[in-house]
Amino acid sequence: MPEPRSTPVTVPVVRAAKRRDGHLPLVMVTAYDAPGARIADAAGVDLILVGDSVANNVLGYEDTLQVTVEDMAHHTAAVARARPKALVVGDLPWLSYHLDVVDTVRNGATLIRAGAGAVKLEGGANRVPMIEGLVAAEIPVMGHLGLTPQSIHTMGGYKVQGRTDAAAHSLAVDAKALVAAGCFAVVVEGVPAAVGAAITEALDVPTIGIGAGPACDGQVLVLHDLLGINPTTPRFVRRYAELGQEATAAVAAYAADVRSGVFPADAEVYH
Ligand code: KIV
């Protein structure tokens with residue numbers, strides 16, 4: 001097991017972590033509650049993303065469009081109560097940064113007050129005013145482009161983005177606009193590896209890839225995917241455990257012991 005971190009991971013530390021400057025790849029994983037944050041932090045990850053994917057992975061929704069700022073603040077606060085040394089990034093949910101800058105800053109502040117050290121939002125150049133507003137209010141912002149799940153209806157499903165030269169070029173332009181607006185890192189999701197590499201090369205801040213190939217400055221996975229809690233996972237996921245099956249087997253063993261009368265045993269009883 002890794003040694004516990006002695007110092008917290010900060011936004012400037014993440015911003016400087018370009019692999020071409022000799023830094024190790026950044027490791028980010030989602031967590032949505034205190035036990036998840038404790039597991040991730042004990043494993044020594046650099047960043048914990050309280051993703052709006054809490055919608056699919058925990059709350060039983062079909063897509064991420066269902067969660068609200070209040071939902072995200074609730075889960076961000078639970079993660080923050082674990083006091084991780086990893087940087088906690090709170091995901092701004094759909095419609096919390098689309099209306100105007102004031103509304104965006106207020107929603108960003110809600111996640112910061114819940115315990116996030118930064119917020120993340122999806123989109124490209126169209127988000128520049130909102131990002132500038134957040135940064136002006138001292139709220140660090142992580143960008144997210146490529147396959148952006150909050151655009152599921154516009155994209156016509158969860159489809160790999162940037163497959164044509166024009167689309168790849170437009171993603172690179174968007175990525176530069178995010179950085180010019182003040183993003184300290186950019187998640188790149190669901191693009192061909194060559195596009196992930198080109199965006200990483202073009203930016204002076206780290207890219208964190210998910211289904212974006214090995215050249216990114218870091219990688220992010222959903223905790224419930226990498227632990228094998230979700231029954232099925234996309235192609236880009238590596239399942240490091242099969243906790244879903246193990247958990248079902250454990251509960252089935254408990255049920256069998258109760259039904260056969262062997263639980264509780266004498267050692268499990270107060271006398
Ligand atoms: O919400 C989430 O889990 C995310 C990651 C897929 C980057 O945004």
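Everything that follows concerns the structure shown earlier in this document.
The shown structure was predicted, so the numbers you read here are calculated from the model rather than taken from an experiment. (Residues numbered from 1 in each chain as written. Predicted model: local features only at pLDDT ≥ 70, side-chain atom pairs only at ≥ 80, totals over all residues. Heavy atoms only, no water.)

Peer 1: Would you mind going over the overall build of the protein chain with me for this structure?
Peer 2: A tally of helices and strands in the protein chain yields 11 helices and eight strands. Its C-alpha radius of gyration of 20 Å places the protein chain within 12% of the 18 Å reference for a compact globule of 271 residues. The dimensions of the protein chain, computed from C-alpha atoms along their principal axes, are 70 × 40 × 35 Å. Among the 271 residues that make up the protein chain, the fraction classed as buried is 48%. Counting only contacts in the protein chain whose residues sit at least 6 apart along the sequence, the fraction spanning at least 24 positions is 59%. Total accessible area computed for the protein chain in this model is approximately 13500 Å², and 58% of it derives from carbon and sulfur atoms. Taken together, the 20 basic and 28 acidic charged side chains of the protein chain have centroids lying 4 Å from each other. (Helix = DSSP H or I, 4+ residues; strand = E, 2+ residues; numbered from the N terminus. Rg over C-alpha atoms; globule rule 2.2 N^0.38 Å. Buried < 20%, exposed > 50% of the residue type's maximum accessible area, 1.4 Å probe, protein only. Contact = heavy atoms within 4.5 Å. Areas by Shrake-Rupley, 256 points an atom, 1.4 Å probe, with all protein chains shown as cover. Lys, Arg positive; Asp, Glu negative; His and termini not counted. Charge placed at Lys NZ, Arg CZ, Asp CG, Glu CD.)

Peer 1: Help me understand the packing of aromatic side chains, please; the structure alone is not making it clear to me.
Peer 2: Note on aromatic pairs: each is described by the distance of the centres and the angle between the planes. A full pass over the atoms with the stated rule returns one aromatic pair. Seen from their ring centres, Y254 and F263 are 5.8 Å apart, and the 75° between their planes marks the pair as edge-to-face. With a relative accessible area of 35%, F263 lands in the partly exposed category. (Phe/Tyr/Trp six-rings, centres within 6.5 Å; stacked < 30°, edge-to-face > 60°.)

Peer 1: What's the story with the site of the ligand in this structure? I'm lost.
Peer 2: For the ligand, the full set of nearby residues is T30, L49, G51, D52, S53, D91, K120, H144, V187, E189, I210 and V222. At a separation of 3.0 Å, an oxygen atom of the ligand approaches a polar side-chain atom of D52. Coverage of the ligand by the protein amounts to 96% of the 260 Å² it exposes when considered alone. Partitioned by chemical class, the residues of the shell around the ligand number four nonpolar, four polar and four charged. (Near = heavy atom within 4 Å. Polar contact = N/O pair within 3.5 Å; in protein donor to acceptor, adjacent residues only side chain to side chain. Nonpolar A, V, L, I, M, F, W, Y, C, P; charged D, E, K, R; others polar.)

Peer 1: Just checking my understanding: could you explain the side chain of K120 for this structure?
Peer 2: By the secondary structure assignment, K120 is in strand β4 (residues 118–120). Among the polar contacts made by the side chain of K120, one reaches the side chain of D91 at a distance of 2.9 Å. Within the local environment of K120, its side chain forms a polar contact with the side chain of H144, the two groups lying 2.6 Å apart. Leave out the neighbours within four places in its chain, and K120 touches L49, V89, G90, D91, L92, M142, G143, H144 and V187.

Peer 1: Is there a simple way to explain a nonpolar patch on the surface in this structure?
Peer 2: On the surface, a nonpolar cluster with roughly 380 Å² of combined accessible area is contributed by V251, Y254, V258 and F263. You can see Y254 is positioned in helix α11 (residues 243–260). Assessed through its relative accessible area of 49%, Y254 is described here as partly exposed. (Patch = residues over 30% accessible without salt bridge, like charges linked within 9 Å, V, L, I, M, F, W, Y side chains within 5 Å. Salt bridge = Lys/Arg side-chain N within 4 Å of Asp/Glu carboxyl O.)

Peer 1: Explanation requested: the side chain of D225 in the structure shown.
Peer 2: Here D225 is to be found in helix α10 (residues 223–226). Polar side-chain contacts of D225 include one of 2.8 Å to the side chain of N230. Look past the residues within four positions of D225 in its chain and what remains in contact with it is N230, T233, P234, V237 and R239.

Peer 1: Teacher, can you tell me more about the nonpolar core here?
Peer 2: Generally speaking, a soluble globular protein has its nonpolar side chains buried in company with each other. If you look at the biggest cluster of nonpolar residues, it comprises 54 residues, and the most contacted ones within it are I48, L134, L145 and I199. A total of five residues in this core trace back to one element, the largest contributor, which is helix α8 (residues 165–181). Beyond its immediate chain neighbours, meaning those up to four positions away, I199 contacts L145, L171, A172, A175, V188 and T207. Grouped together as the second largest cluster of nonpolar side chains are 18 residues, M28, L87, A118 and M142 included. (Core = buried A, V, L, I, M, F, W, Y, C linked by side-chain atoms within 4.5 Å.)

Peer 1: Sorry, what's going on with the sheet that holds strand β8 (residues 218–221) here?
Peer 2: Note: strands within a sheet are paired through backbone hydrogen bonds, in either parallel or antiparallel orientation. Strand order around the closed barrel formed by eight strands is β1-β2-β3-β4-β5-β6-β7-β8, with parallel pairing between neighbours. Between one strand and the next, the sheet's axes are offset by a mean angle of 25°, whatever the strand orientation. Pairing of β4 with strand β5 (residues 141–146) involves two bridges; the strand directions are parallel. Bridge pairing in β5 links K120 to M142. The sheet contacts of helix α5 (residues 101–114) involve β3 (87–91) and β4, and relative to β4 the element is tilted by about 130°. (Pairing = 2+ DSSP bridges. Axes fitted to C-alpha atoms, helices over the stretch in contact; angles between N-to-C directions.)

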